[in-house]
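Listed below are the residues making up each chain.
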Amino acid sequence: MEEEIEVLKKFWKGDRDLICPRCGSPLNLVAMYPKTKEGSLQVSYETFIECENCSFSIRVDTSKVYGAVKAFDDRTIDISSWSPSGAREIMTYENLLGKEKLEYLFETGKLVEFLIVNDKVVAVME
Ligand SMILES: [Zn+2]
C-alpha cells in the first residue's frame, strides 16, 4: 500500500508525470470516474492507474478532503470539512494515520488536506 500512497500523493498534487515505483517506467492514468458518497456531497474518484511496462497498477476510490480533525480514536477519524456547496460537513473515515500526527492536528485544529483511499484516511498532503 505504501507505494500506491506515494503515487496517489503525487497524483493529487497535480503531477501527471508519474513513475512506476517498481520498474521506473511511466504510469498511465487509464480511467477516472467521479462519484458521490451516499448521504454526502463529497466527490471521490474511481481511479485506475497502470504501468506501461510491468504489472504494477492502482485501482482505488480516492479523494482529497480539506478540513480539520474533529475527533478520532484508534479506528476512525472525523473530519470537519465543507461540501462543494459550502455547507459544513463532518465525515467519518477509517483511520490509518499515526497517533502523534493526529494528536497534533486535533490540538492545533489545523486545516490540512487529507488523502482518502477507499474510505480510509491514509496520509496528510504536505
Ligand atoms: Zn512498472
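Because the structure is a prediction, the values reported are computed rather than measured.

## Let's talk about the overall build of the protein
Reasoning step 1: Helix and strand content of the protein: two helices and seven strands.
Reasoning step 2: The secondary structure elements of the protein, listed N-terminal to C-terminal, are α-β-β-β-β-β-α-β-β.
Reasoning step 3: By the compact-globule yardstick of 14 Å for 126 residues, the protein fits well, its C-alpha radius of gyration being 15 Å.
Reasoning step 4: Each principal axis of the C-alpha atoms in the protein carries an extent, and together these give about 45 × 30 × 20 Å.

## As for the nonpolar core
Reasoning step 1: The biggest cluster of nonpolar side chains holds 23 residues, and the ones touching the most others in it are I79, L115 and I116.
Reasoning step 2: Contributions of two or more residues to this core are made by α1 (2-12), β2 (43-51), β3 (57-72), β4 (76-82), β5 (88-95), β6 (112-117) and β7 (120-124).
Reasoning step 3: Tallying contributions element by element places β3 first for this core, with five residues.
Reasoning step 4: Looking at this core, you find at least three residues from each of domain 1 (2-62) and domain 2 (63-124).
Reasoning step 5: In this view, L115 contacts L8, K9, W12, K64, V122, A123 and M125; residues no more than four positions away in its chain are not counted.

## Here's the deal with the domain arrangement of the protein
Frequently, the measure chosen for interface size is the accessible area removed from exposure when the parts meet.
Reasoning step 1: Domain annotation for the protein reports domain 1 (2-62) and domain 2 (63-124).
Reasoning step 2: In this structure, domain 1 and domain 2 have C-alpha centres spaced 20 Å apart.
Reasoning step 3: For the side of domain 1 that touches domain 2, the elements supplying multiple residues, two or more each, are α1, β2 and β3.
Reasoning step 4: The element best represented in the side of domain 1 that touches domain 2 is α1, accounting for four residues.

## Some points on unusual backbone geometry
Reasoning step 1: Positive phi outside glycine occurs at N118, with the angle close to 50 degrees.
Reasoning step 2: Of note, N118 is situated in the loop between β6 and β7.
Reasoning step 3: Given 13 C-beta atoms within 10 Å, N118 falls into the partly exposed group.
Reasoning step 4: The residue D119 is not glycine, and still its phi comes out positive at about 65 degrees.
Reasoning step 5: Overall, D119 belongs to the partly exposed group, with 14 C-beta atoms counted inside 10 Å.

Scoring rules and cut-offs
Residues numbered from 1 in each chain as written. Predicted model: local features only at pLDDT ≥ 70, side-chain atom pairs only at ≥ 80, totals over all residues. Helix = DSSP H or I, 4+ residues; strand = E, 2+ residues; numbered from the N terminus. Rg over C-alpha atoms; globule rule 2.2 N^0.38 Å. Core = buried A, V, L, I, M, F, W, Y, C linked by C-beta atoms within 7 Å. Buried ≥ 20, exposed ≤ 12 C-beta atoms within 10 Å, placed from the backbone. Domains from an automatic or database assignment. Contact = placed C-beta atoms within 7 Å.

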